[in-house]
Each structure stands twice: as structure tokens, then as C-alpha cells.
Amino acid sequence: SSAYSASTRSNAKWGNPLLSYDGTPLVPPVVDENRNILVTQGYNGTVSHQGVNAIDLSCPDGEGEPLYPMRDGVIWQVISRYSEQCATFNDPGACLENDQLSNRVYVAHCDGTSGLYAHFAGPDLITVEVGQRVRARLDQLGPCGTTGISSGPHLHFQVDKSTLDGTVVSSN
């Protein structure tokens, strides 16, 4: 089976775990909000996302399309060292063991949540840096790609929340 489960855990200290989602709507991750963006996998998907607040969104113009944050926030982590998708897509465990993960950006939001944006093209093509404030649909994060465990160019978007012990877990 190609299904797998993964959770995000980090010792980063960001956000306030006592806050809750403030209701700020998400905006499309591309400049033209009238474009059709296909959700290629939703929550509890058939390939991944089991128990994780994540969706995969198509990139209408394919690999290289500029992607933007869906909410305002501050960049708290950037990983941009990968150049290709994991060659063993049907065995995600091997991808994880070989550290063949995706290029990704984490954005902290004022309500204590964090947005994970993953699968950017690369390496070194992400255009933001840690500590930078970003605005939805105005500040480019980087180009759409297919790095890591991926079957094609898309944006993986996941919402996480900080916990009282400072770890980050998927907010189910």
C-alpha cells in the first residue's frame, strides 16, 4: 500500500498555544484569485494526510509557478536544499530514512497556528528567510515544485499549532 502517516514535530518556540484560530480566511496561494486551483488530496487522503490537517493544491501553471502565503505571518523556518522528488514514492519510509523530504516554509500566524507550505522547486529557490514578515498574496514564498514525496508539481498546505511544551503538532 502507498498510504503512510506522518506527523510534524519540532522543538521550535513560536506562537502562543493558548490562543485559538482567529477566523482569518485563507486566500488562494496564487496572485489571481479567480484561477481554478484543484484540491488533489484533502484531509485523511488516500495517499497521505491521515490524521493531519493538510491539503494538496494543484499549481495551475505547473512547476515554477510563484506561490504566496494564504495568511499573513512571520517565517520561522525555511528548508530549501532538495532538488528532486523522492525516487521511491511507493515507499515513503525510504524517503524519510534517506532525508529526501521537500523544500518547505513554515509561517507563524498571530493566532498561534503555523502554516506549512511544502514541495517548492529547488534547491535554494525559496525567496523568503527566517524572521521575515509576509503578507497573503503579496510576498512570494517560492516556486511550485515536486520535491520530496510527491507525484507531481503541487503545494502541500498544512495547519499546525504549538503546544505548551513547545513542540509543534498537526492541529486536527
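Structure's up top.
Values in this document were obtained by computation on a predicted structure and should not be read as measured data.

Enquirer: Got a minute to help me understand the packing of aromatic side chains in this structure?
Expert: Applying the stated rule across the entire model yields 2 aromatic pairs. Between W76 and Y106 the ring centres are 4.9 Å apart and the planes differ by 45 degrees, which places this aromatic pair in the tilted class. Here W76, found in strand β4 (residues 73-79), pairs with Y106, found in strand β5 (residues 103-108); they are 30 residues apart in sequence, far enough to count as distant. Ring centres 4.9 Å apart and planes at 55 degrees place the aromatic pair Y117 and F157 in the tilted group. Separated by 40 residues along the polypeptide, Y117 in strand β6 (residues 113-120) and F157 in strand β9 (residues 154-162) bring together distant segments of the chain. Both residues of the pair, Y117 and F157, belong to the buried class.

Enquirer: What should I look at first to understand the state of the cysteines in this one?
Expert: By definition, a disulfide links the sulfur atoms of two cysteines through a covalent bond. Scanning the model with the defined rule gives 1 disulfide in all. There is a disulfide in this structure between C59 and C144, and the S-S distance comes to 1.9 Å. On the sign convention where negative is left-handed, the bridge of C59 and C144, at about 90 degrees about the S-S bond, is right-handed. One end of the pair, C59, is in the loop between β2 (54-58) and β3 (66-67); the other, C144, is in the loop between β8 (142-143) and β9, with 85 residues separating them in the sequence. Each member of the pair C59 and C144 is classed as buried.

Enquirer: I tried to follow the side chain of S102 on my own but got confused; where do I start?
Expert: Relative to the helices and strands, S102 is located in the loop between α1 (92-97) and β5. Taking the relative accessible area as the measure of exposure, S102 reaches 8% and is therefore buried. Excluding residues that lie within four positions of it along the chain, S102 makes contacts with I79, Y82, A118, H119, T147 and G148.

Enquirer: Got a minute to help me understand the pattern of salt bridges in this structure?
Expert: Side-chain pairs of opposite charge can arise where the charged atoms are in close proximity. If you walk through the whole model with that rule in mind, you get 2 salt bridges. Note that D111 is salt-bridged to R71, the shortest N-O span being 3.2 Å. Taken as a pair, D111 in the loop between β5 and β6 and R71 in the loop between β3 and β4 lie far apart in primary sequence, 40 residues in all. Residue class for D111 comes out buried when judged on its relative accessible area of 3%. Given a relative accessible area of 6%, R71 falls into the buried group.

Enquirer: Any chance you could explain the nonpolar core here in plain terms?
Expert: Most often, soluble globular proteins keep nonpolar side chains buried together rather than apart. Ranked by size, the top nonpolar core spans 18 residues in total, and within it L67, I75, V105, Y117, F120, V128 and L141 carry the most contacts. Among the secondary structure elements, those contributing two or more residues to this core are β2, β5, β6 and β9. Dropping the residues within four chain positions of it, Y117 is found in contact with Y68, P69, M70, R71, N103, R104, V105, V107, L141, L155, H156 and F157. Core analysis: the second largest hydrophobic core is formed by 5 residues, Y106, A108, L116 and A118 among them.

The rules behind these values
Residues numbered from 1 in each chain as written. Predicted model: local features only at pLDDT ≥ 70, side-chain atom pairs only at ≥ 80, totals over all residues. Heavy atoms only, no water. Phe/Tyr/Trp six-rings, centres within 6.5 Å; stacked < 30°, edge-to-face > 60°. Helix = DSSP H or I, 4+ residues; strand = E, 2+ residues; numbered from the N terminus. Buried < 20%, exposed > 50% of the residue type's maximum accessible area, 1.4 Å probe, protein only. Disulfide = S-S within 2.5 Å. Contact = heavy atoms within 4.5 Å. Salt bridge = Lys/Arg side-chain N within 4 Å of Asp/Glu carboxyl O. Core = buried A, V, L, I, M, F, W, Y, C linked by side-chain atoms within 4.5 Å.

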